[in-house]
Amino acid sequence: MEHYDQARYGPAGEDTNEPLLSEKDQTTVEVDSSLPDDLTRDEVELPSPEEPELARHYVRLSQQNYGVDSGPYPLGSCTMKYNPRFTEEAAALPDAAVHPDRSEDSLQGTLELLGDLQDYLGRIGGMDAVTLQPPAGAAGEFTGILVAEAYHEANDEGHRDEVIVPDAAHGTNFASAALGGYDVVEIPSGDDGRVDLEALEAALGENTAALMLTNPNTLGLFERDIETIAEMVHDAGGLLYYDGANLNALLGRARPGDMGFDIMHFNVHKTFATPHGGGGPGAGPVGVTDELADFLPDPHVREGDAGDYELYTPEHSVGKVHGFQGNWPVLVKAFAYIDRLGDDGLADASAKAVLNANYLAEQLDYEIPLGPFHHEFVASAGDQDAADVAKRMLDYGVHPPTTKWPELVDEALMTEPTEVETKDNLDDLADAFNAVAAEDDETLESAPNRTTARRIDQTTAARNPRLSWHDLE
Ligand SMILES: *Cc1c(COP(=O)(O)O)cnc(C)c1O
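Residues numbered from 1 in each chain as written. Predicted model: local features only at pLDDT ≥ 70, side-chain atom pairs only at ≥ 80, totals over all residues. Heavy atoms only, no water.

### Things to note about the nonpolar core
The line we're drawing: We call a set of buried residues a nonpolar core when its members are Ala, Val, Leu, Ile, Met, Phe, Trp, Tyr or Cys and they connect through side-chain atoms within 4.5 Å of each other. Each residue is assigned to one of three classes by its accessible area relative to the maximum for its type, calculated with a 1.4 Å probe on protein chains only: buried under 20%, partly exposed between the two thresholds, exposed over 50%. Numbering of helices and strands starts at the N terminus; helices are DSSP runs of H or I of at least 4 residues and strands are runs of E of at least 2. Between two residues, a contact is recorded if the distance between any of their heavy atoms is within 4.5 Å.
Counting 53 residues, the largest nonpolar core has Leu200, Ile229 and Phe272 as the members making the most contacts within it. With 10 residues, the top contributor of residues to this core is helix H11 (residues 328-363). Ignoring sequence-local partners within four residues, the contact set of Phe272 consists of Lys81, Leu121, Ile124, Leu251, Ala334, Tyr337, Ile338 and Leu346. Counting residues in hydrophobic clusters, the runner-up holds 29 residues, among them Leu219, Ala361, Leu364 and Leu426.

What follows is the structure, encoded as structure tokens:
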């Protein structure tokens, strides 16, 4: 099988690392500035490429990359779908770029869009009130935890100091609860990959502030006992938090609010549209039930009696979690996407996401120990090392799945093709998986051979990031 695309990756095996602009010709430029002298330099060395060189530099860099515009990107849990360009166009409209500090009466269009998006998300999630402020899913979790804390305090239940999180949960759930000052109580999953009701019962008590869950969970499995779980948590006086990262599986079909969840976040960059990766950009709106609405961040958008829109501070607000109303361009994209697709389009997206995951899974030679699953599945690389499988898949010109998580499955390959892939793309992906499944350890360990960068030292890159070109000098 020859999937390698030279135009996409550059000449195979050659070191095609593009030099930094600062490593090329520099010109001395005199600085003429009205800033105070002690803040400025008299002259600086700046790269001086002509326009064609500059354009080619960035195009070459972009060709070394792999993104949702290049091909399938089945990175499980992250929902890496193609982002339709009309959402970019909406966010780039001249009228979309207003200064957020302008007076409310001159911001009516902006506030109306935000108000409508709050309503859309409330309807999609089955929630009574929605804040758009948090700038990411993780920030939404943290905001939700602050809301839960404020709610318990207001009800003289401030002694509740534990948040329960299943072992298969995303790392941000543990981190958000801990950052909110809670003790994190981890519960093991049952043999079927779902919440173990006995373990939950044992963990619940008078100190329980909340249980954080995602549904379908990170194995792609629907928590069938969700109504019982909600009842157990509520009987113990706790709140049920929904991690919305897997909402793509339920869109337009089932709603966390109807399942008994009290608080949820939306990863609008996953479920709706916005290119994401490497930590941003995104938005993590948070929805809550009526009884928690007064605790949402400040400011909140509402429609006034005269049909105008205004900003107000909810009565017991937890305060600000981000500047202004949140990550505005991302919210415009989410609004445009939801508005264009409508009820039927959203339901169609989740249907295809689930169908694509099941179609792909059906063809894999790797074992998939748990099911039936929804929009993603977790295969096991078995005797192979999942990280090596991922590196080798790059040689076949496709992006690999998420690996080694959740830990419930040995050598996990967590795969989420999303609704945007065609049958041909899914067939190609399956071919790549199966070609790698048949290869020996030596081949896998030497991969990737056909990418611009070979095995990078991921640990060092994560622990000692070089964030400035000065470090390279
Ligand atoms: C992505 C993800 C998060 C965190 O969301 P961000 O928007 O990346 O901050 C939380 N939980 C799950 C299950 C996720 O996949």
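### A closer look at a negative patch on the surface
Selection rule: To count toward a patch, a residue needs a relative accessible area over 30% and no salt bridge; like charges are then connected within 9 Å, while nonpolar side chains (Val, Leu, Ile, Met, Phe, Trp, Tyr) are connected within 5 Å. Note on areas: Shrake-Rupley, 1.4 Å probe, and residue coverage restricted to the protein chains presented here. The salt bridge definition used is simple: a Lys or Arg side-chain nitrogen within 4 Å of an Asp or Glu carboxyl oxygen. His is not counted, nor are the chain ends; Lys and Arg add positive charge and Asp and Glu add negative charge. For charged residues, the charge sits on one atom: NZ in Lys, CZ in Arg, CG in Asp, CD in Glu.
Together, Glu30, Asp32, Asp37, Asp38, Asp42, Glu43 and Glu45 make up a negatively charged patch on the protein surface. As for its position among the elements, Asp37 is in the loop between strand S1 (26-30) and strand S2 (43-47). When its relative accessible area of 67% is taken as the criterion, Asp37 is described as exposed.

### Description of the sheet that holds strand S4 (residues 162-166)
For clarity, the threshold we go by: Two strands are counted as paired when DSSP detects at least two bridges linking them. Axis definition: a line fitted to C-alpha atoms, over the contacting stretch in the case of helices. Angles run 0 to 180 degrees between N-to-C directions.
Strand order in the open sheet formed by seven strands is S3-S9-S8-S7-S6-S4-S5, with mixed pairing between adjacent strands. Of all strands in the sheet, those bounded by a partner on one side alone are strand S3 (129-131) and strand S5 (183-187). Along the sheet, successive strands turn relative to each other by an average axial angle of 20°, direction set aside. Examined bridge by bridge, strand S6 (residues 208-213) and strand S7 (residues 239-243) share four bridges and lie parallel to one another. Its bridge partner lying in S7, Met212 is registered against Tyr241. Against the sheet, helix H8 (residues 226-235) touches S6 and S7, its axis set at about 135° to S7.

### Some details on helix H13 (residues 423-437)
Note on helix geometry: an α-helix contains 3.6 residues per turn, so any two residues three or four positions apart are oriented the same way. Counted only if it meets this: The span one expects for a helix is its residue count, reduced by one, times 1.5 Å.
Taking 1.5 Å of rise per residue, 15 residues should cover 21 Å, and H13 covers 21 Å from first to last C-alpha, within 8% of that figure. Looking only at H13, the buried set comprises Leu426, Asp427, Leu429, Ala430, Ala432, Phe433, Asn434 and Val436.

### Brief notes about the site of the ligand
We count it as follows: Proximity is defined per residue: if any heavy atom of the residue lies within 4 Å of a molecule or strand, that residue is considered near it. Side-chain atoms alone can form a polar contact between residues adjacent in sequence; in general such a contact is a pair of N or O atoms within 3.5 Å, and within protein one must be able to donate a hydrogen while the other accepts it.
By nearness alone, every residue bordering the ligand is listed as Ser77, Ala136, Gly137, Ala138, Glu141, His170, Thr172, Asp243, Ala245, Asn267, His269 and Lys270. A distance of 2.8 Å is found between an oxygen atom of the ligand and a backbone nitrogen or oxygen belonging to Ala138. The side chain of Asp243 places a nitrogen or oxygen atom 2.5 Å from a nitrogen atom of the ligand. Surface burial for the ligand is 87%, taken as the share of its 380 Å² of free accessible area covered by protein chains. Contributions of two or more residues to the shell around the ligand are made by helix H5 (137-154) and helix H10 (268-271). Here the element with the most residues in the shell around the ligand is H5; it accounts for three residues.

### Some points on the pattern of salt bridges
One pass over the structure, following the stated rule, counts 18 salt bridges. In this structure, the salt-bridge partner of Glu18 is Lys24, at a minimum N-O distance of 3.9 Å. On the accessibility criterion, Glu18 (15% relative accessible area) is buried. Here Lys24 falls in the partly exposed class, since its relative accessible area comes to 31%.

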